[in-house]
Amino acid sequence: MKRVFSLLEKSGPGTPIQFTWQKTSGNYLAVTGADHIVKIFDRHGQKRSEINLPGNCVAMDWDKDGDILAVIAEKSSCIYLWDANTNKTSQLDSGMRDQMSFLLWSKIGSVLAVGTVKGNLLIYNRQTSRKIPVLGKHTKRITCGCWNAENLLALGGEDKMITVSNQEGDTIRQTPVRSEPSNMQFSMMKTDDRMSAAESTISVVVGKKTLFLYNLNEPDNPIDLEFQQHYGNIVSYSWYGDGYIMIGFSRGIFVVLSTYIREIGQEVFQARDHKDRLTSIAVSQTLSKAATCGDNCIKIHDLAELKDMYAIINLDDENKGLGTLSWTDDGQLLALSTQRGSLHVFLTKLPILGDACSTRIAYLTSLLEVTVANPVEGELPITVSVDVEPNFVAVGLYHLAVGMNNRAWFYVLGENAVKKLKDVEYLGTVASVCLHSDYAAALFEGKVQLHLIESEILDAQEERETRLFPAVDDKCRILCHALTGDFLIYGTDTGVIQYFYIEDWQFVNDYRHPVSVKKIFPDPNGTRLVFIDEKSDGFVYCPVNDATYEIPDFSPTIKGVLWENWPMDKGVFIAYDDDKVYTYVFHKDTIQGSKVILAGGTKVPFSHKPLLLYNGELTCQTQSGKINNMYLSTHRFLDSLKDVGPNELRQMLTQTLMLKRFSDAWEMCKILNDHTAWNELARACLHHMEVEFAIRVYRTIGNVGIVMSLEQIKGIEDYNLLAGHLAMFTNDFNLAQDLYLASSCPVAALEMRRDLQHWDSALQLAKRLAPDQIPFISKEYAIQLEFTGDYVNALAHYEKGITGDHKEHDELCLAGVAQMSIRMGDIRRGVNQALKHPSRVLKRDCGAILENMKQFSEAAQLYEKGLYFDKAASVYIRCKNWAKVGELLPRVASPKIHLQYAKAKEADGRYKEAVVAYENAKQWNSVIRIYLDHLNNPEKAVSIVRETQSLDGAKMVARFFLQLGDYGSAIQFLVMSKCNNEAFTLAQQHNKMEIYADIIGSEDTTNEDYQSIALYFEGEKRHFQAGKFFLLCGQYSRALKHFLKCPSSEDNAAIEMAIETREHEQAGGRGKGSDNPKQAPLSAWNQCSTQFPNPEIMT
């Protein structure tokens, strides 16, 4: 906190320095010490007046408006009155003979109470000059007192009594206290009854140890609050908030109590602010701050959060200790007296006055000091000392203006120095001033005066030096104004925004809003403007096309707007209130047209007023006269991206796309390396009509199709046509249609709807744009309706589609009419149409529909006409039209049809026709069955079996021969049908094993079958056959045994077989690697010769 000034007053051991701030405005400070003089200083430390007293000052107080300072002194019965408006001192004779000891002005009127050392009271009404002396109010010195808002006066004295009187001096209440009272205050205790807003509670320090609370509504129930001994004496206390009391104790502690009856006596907060000693506390409810002093320092707390230290002011040169603290009513200045007689005044709250022009800012850094800086350009700040405490500050490219009331002082800003140029007096109290390069514009009392800042330099024409707006005949009041490099812009109470072009010295544009315009904020070029109307709604106005766009989610508490000064972010602006900054983006060129979007919000610290926005960095002015920079939350991506996680990166990507920062978004997509992120960037580029950038993105992710499409349209100059194409690419087809229709090529809307197969919309468009296309669209629409089952509308659109000129197209439509007629039940029309139509396919399709509808006769007719003989025959069969089936059979290729026909003929007993049909159907088993069962032609059946090798057929023939008793033939066909077991059994039963053996020998037969035969012959003692079949099944020893047992009639054959058997047996015994294979037959011959010694047999 800045020290504004310090004073050093003469003080004695018993006369500490006294001071009091002027009430309400705080413009004057009255100070007195031991030199019998009351000095009056202004808030900058300049002495304005003084009052000489005959003795030390006893008490002084300002009236409620701060107009009159009343002073009483020792050795005088006069009351000294100093008038702040006239700077004159007058004396009022009190008429009291005893020494005055107390003085206090009323809170609500010009009534002054004066007490004496003998307990007498004087009430003086300055307005009526009436004096009311009240003798014996107290029996001893009156030491303290207070007024309340109902003009009741409470007094305390050394007689340990508290009295309550009205403004006439009549005593209403009185109560004794245990010790001498001091520091009396009126306030309101916190109660459950929210309706009682009167100041009915008197608080007073009793004996420096306890706090006595006396409620006028409950006089019999006073409250005594006692505190811990180690706290020390009560130094001072103050009421604040909703019935809270802050109390400072001599040993450095302060506590906060609640006076709510359920909490009374409980310490809400306690802190030891000073190690050794605390001398005073002061509370500023305006500033919401509390200050304590002691141990050579002042500590300031925030009332909302007492544990947080707002500021510490060290006073190392004050070695004798500190005195009393006091704030001005507005909380701007804090005064502190000290034991050595000095008085220090600190600036605790500075008026937040600042302005910006381009990237240059000017802001108040002290009551009489303005700093000009250009943080973007890196220029060193320039401090300008001004003559008055300004009410407004304005900065231009080369000038600074400060002022108050109806005057403004202009300064020229040089490179290293500032030169005072001139001061200008306007025709009314100035509300605000705007500067740019050469001109200044001041708003006062509903008018704006535009004038040159340095008229002699420009050698300007006289009529261009100054001009007053509005014109005399214009009956409006100007409520707000702004100045850019080219324009003076102002808004009026009639809702008109006027653009005055300075170069041509004439109006160039006006916009009429339904209600009055309160504030305007043009962008740096003046080509866009944000204005706020009396309903607190915000709008962006573009004078180029005279269009306005409402700002969404615009808070009614918005105080101001700043446009982005970074050249690349032209559409970004912020709106701010006391707590938050809202980032908006004006998107001028999007496929949806121009619009404003809310990009996000940023919390701002308490009492920060935004001055400048540059590349997402907000420069704010603070109450302490400093500037503070912060990044908007919507621009977090401008910090380093190194340690940012993917989820946060995606959020940042969304922010960059809202702000149209595509280059930054590109870098994020490279880091994320995520297909979804690239697609999001690409879609945003399409939305903002950034075709070149979109091509670059889609090329990166390899989307060849859309790159080629974008390459084709990137040269289109028609805004609506290009936007329509891009809207179509983003699947917003309704928007694309609207844009196409507004473009120079409206038929593109029809083409799009046709491509999308939105036939209903396409038909509507075709009626307006291309009536000749209606038949073709109707046909396509009918196809779609047919597919979805809406046959009624499909028929109607097929009929609409017939042109009479396009043969192929008309044939398709007529085909559709035929099919839809059939589906709708108008079978005759449909069939006739299909029969006349050249298309075979149509006949087939209509036949299928009729077949499903059980209209077999018509279906078969169409199939036959379409040369689909198989289908026709099938349908004729279903309707039992065998005659037609018979006609068609020569043309039928399907075996299934022939089979159906054959079965039907067989059922009718027409076996010859049936057998032919079965043959055509390749159903050989059925052919064999009919030849055997019905036609009695086994020869044909046998030949078919032999030809087709049908197993089932062979079984049937076998069964046929079995029935005839021809067992040999039966066995033959059983073997052919692989029924070897049955054939064997049959041969065994009927003694036909030789036949079975002959047949089986010529077949692929298993060893088990050979063994069965061998065992049969073995049982029959037929050794040659048994040996032969044992040989075939590989049982060589048993075969040889049987061959050797053969009778003499079979000797030759038996010997040959025995030799062969021996060869096999020995080959099997040697295995594959026999050394002398020729030995086998020889040894076999030798063995046989020993078995058959008969030489005839051997030869």
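Shown above is the structure to which this text applies.
Basis of the calculations
- Residues numbered from 1 in each chain as written.
- Predicted model: local features only at pLDDT ≥ 70, side-chain atom pairs only at ≥ 80, totals over all residues.
- Heavy atoms only, no water.
- Helix = DSSP H or I, 4+ residues; strand = E, 2+ residues; numbered from the N terminus.
- Expected span 1.5 Å × (residues − 1).
- Contact = heavy atoms within 4.5 Å.
- Pairing = 2+ DSSP bridges.
- Axes fitted to C-alpha atoms, helices over the stretch in contact; angles between N-to-C directions.
- Salt bridge = Lys/Arg side-chain N within 4 Å of Asp/Glu carboxyl O.
- Buried < 20%, exposed > 50% of the residue type's maximum accessible area, 1.4 Å probe, protein only.
- Phe/Tyr/Trp six-rings, centres within 6.5 Å; stacked < 30°, edge-to-face > 60°.
- Lys NZ or Arg CZ within 6 Å of the ring centre and 35° of its normal.
- Polar contact = N/O pair within 3.5 Å; in protein donor to acceptor, adjacent residues only side chain to side chain.
- Parallel < 35°, antiparallel > 145°, perpendicular 65-115°, else oblique.
- Left-handed = near helix turned anticlockwise from the far one by under 90°.
- Nonpolar A, V, L, I, M, F, W, Y, C, P; charged D, E, K, R; others polar.

## Overview of helix α4 (residues 675-687)
Counted at 1.5 Å a residue, the expected span for α4 with its 13 residues is 18 Å, and the 18 Å between its end C-alpha atoms agrees. Taken together, the buried residues of α4 touch β56 (595-603), α2 (646-658), α3 (662-672), α5 (691-700), α6 (704-713) and α7 (719-729). Met-689 sits one or two residues past α4 and shows a positive phi near 65°.

## Comments concerning the sheet that holds strand β5 (residues 47-52)
Taken together, four strands build an open sheet; the order of strands is β2-β3-β4-β5 and the sheet is antiparallel. Of all strands in the sheet, those with a lone pairing partner are β2 (18-21) and β5, marking the two edges. With direction set aside, neighbouring strand axes in the sheet form an average angle of 20°. Summarising the sheet, β2 and strand β3 (residues 28-32) pair through four bridges and their orientation is antiparallel. The residue of β3 that forms the bridge with Thr-20 is Ala-30.

## A closer look at the pattern of salt bridges
For the structure shown, the criterion picks out 31 salt bridges. Asp-224 is paired through a salt bridge with Arg-178; the nearest N and O atoms lie 3.4 Å apart. Remark: Arg-178 occurs in the loop between β17 (171-176) and β18 (181-187) and Asp-224 occurs in strand β21 (residues 223-226); sequence separation between them is 46 residues. You can call Asp-224 partly exposed: its relative accessible area is 35%. Taking the relative accessible area as the measure of exposure, Arg-178 reaches 53% and is therefore exposed. Ionic pairing is found between Glu-692 and Lys-714, a salt bridge with its closest N-O pair at 3.9 Å. In this pair, Glu-692 sits in helix α5 while Lys-714 sits in the loop between α6 and α7, placing the two residues 22 residues apart along the sequence. Connected via shared salt-bridge partners are Glu-692, Arg-699, Glu-711 and Lys-714.

## Overview of the environment of Arg-844
Inspection of the secondary structure assignment puts Arg-844 in helix α15 (residues 840-852). As a C-alpha pair, Arg-844 and Ala-834 span 10 residues in sequence and 9.3 Å in three-dimensional space.

## Observations concerning the packing of aromatic side chains
Counted according to the given criterion, the structure contains 28 aromatic pairs. With centroids separated by 6.4 Å and ring planes inclined at 40°, the aromatic side chains of Phe-554 and Tyr-584 adopt a geometry described as tilted. Of the two residues, Phe-554 is situated in the loop between β52 (547-550) and β53 (560-563) and Tyr-584 in strand β55 (residues 580-587); the sequence distance between them amounts to 30 residues. Relative accessible area serves as the criterion here: at 0%, Tyr-584 is assigned to the buried category. Across the ring face of Tyr-310, the terminal group of Lys-289 is positioned such that the distance to the ring centre comes to 4.3 Å. Above the plane of the ring of Phe-693 lies Arg-696, whose end atom (NZ or CZ) is 5.1 Å from the centre.

## Some thoughts on the sheet that holds strand β31 (residues 333-338)
Two orientations exist for strands paired in a sheet by backbone hydrogen bonds: parallel and antiparallel. Taken in spatial order, the four strands of this open sheet run β1-β32-β31-β30, and their pairing is antiparallel. Since the sheet does not close on itself, it has two edges, and those belong to β1 (2-8) and β30 (322-327), each with one partner. Averaged over all neighbouring strand pairs, the angle between strand axes comes to 20°, with direction disregarded. Across four bridges, the pairing between β30 and β31 is antiparallel. Looking at β31, one finds that Ser-326 is bridged to Ala-335.

## Let's talk about the side chain of Ser-258
Counting through the fold element by element, Ser-258 comes out in strand β24 (residues 253-258). Of the residues examined, Ser-258 reaches a relative accessible area of 1% and is grouped as buried. Among the polar contacts made by the side chain of Ser-258, one reaches the main-chain amide nitrogen of Tyr-260 at a distance of 3.2 Å. In this structure the side chain of Ser-258 is engaged in a polar contact, spanning 2.7 Å, whose partner is the side chain of Glu-263. The residues touching Ser-258, leaving out its near neighbours within four places in the chain, are Lys-190, Gly-243, Tyr-244, Glu-263, Ile-264, Gly-265, Gln-266 and Val-268.

## Quick word on the packing of helix α9 (residues 747-755) against helix α10 (residues 759-769)
One way to put it is that α9 packs onto α10 with a least axis distance of 8 Å and a crossing angle of 155°. Judged by the angle between their axes, α9 and α10 are roughly antiparallel. Handedness of the crossing formed by α9 with α10: left-handed. Residues Val-747, Ala-749, Leu-750, Arg-753 and Arg-754 of α9 lie in contact with α10, whose contacting residues are Trp-759, Ser-761, Ala-762, Leu-765, Ala-766 and Leu-769. Within the contact of α9 with α10, the residues separate by chemical class into eight nonpolar, one polar and two charged.

## Overview of the side chain of Ser-250
Within the secondary structure, Ser-250 is located in the loop between β23 (244-249) and β24. Beyond its immediate chain neighbours, meaning those up to four positions away, Ser-250 contacts Tyr-231, Gly-232, Asn-233, Val-235, Asp-276, Arg-277 and Leu-278.

## Regarding unusual backbone geometry
Of the consecutive residues Phe-469 and Pro-470, the connecting peptide bond is found in the cis state with omega at -10°. Position of Pro-470 among the secondary structure elements: in the loop between β44 (466-469) and β45 (478-483). With a phi angle near 55°, Ser-607 is a residue other than glycine that sits in the positive phi range. In this fold, Ser-607 is placed in the loop between β56 and β57 (608-614). Given the relative accessible area of 16%, Ser-607 is considered buried.

## A look at the pairing of strand β11 (residues 111-116)
Among the six residues that make up β11, six are buried, leaving the element largely enclosed by the rest of the structure. Judged by which residues are buried, β11 turns out to be covered on both faces: Val-111, Ala-113 and Gly-115 on one side and Leu-112, Val-114 and Thr-116 on the other are all buried. Taken together, the five bridges between strand β10 (residues 100-105) and β11 define a ladder with antiparallel strand orientation. Counterpart to Leu-104 in the pairing with β11 is Ala-113. Once β10 ends, the chain turns through five residues before running back antiparallel as β11.

## Looking at the environment of Val-235
Take Val-235: it is sitting in strand β22 (residues 234-240). Distance in space between the C-alpha atoms of Val-235 and Gly-252 is 9.9 Å, their sequence separation being 17 residues. Look past the residues within four positions of Val-235 in its chain and what remains in contact with it is Gly-248, Phe-249, Ser-250, Leu-278, Thr-279 and Ser-280.

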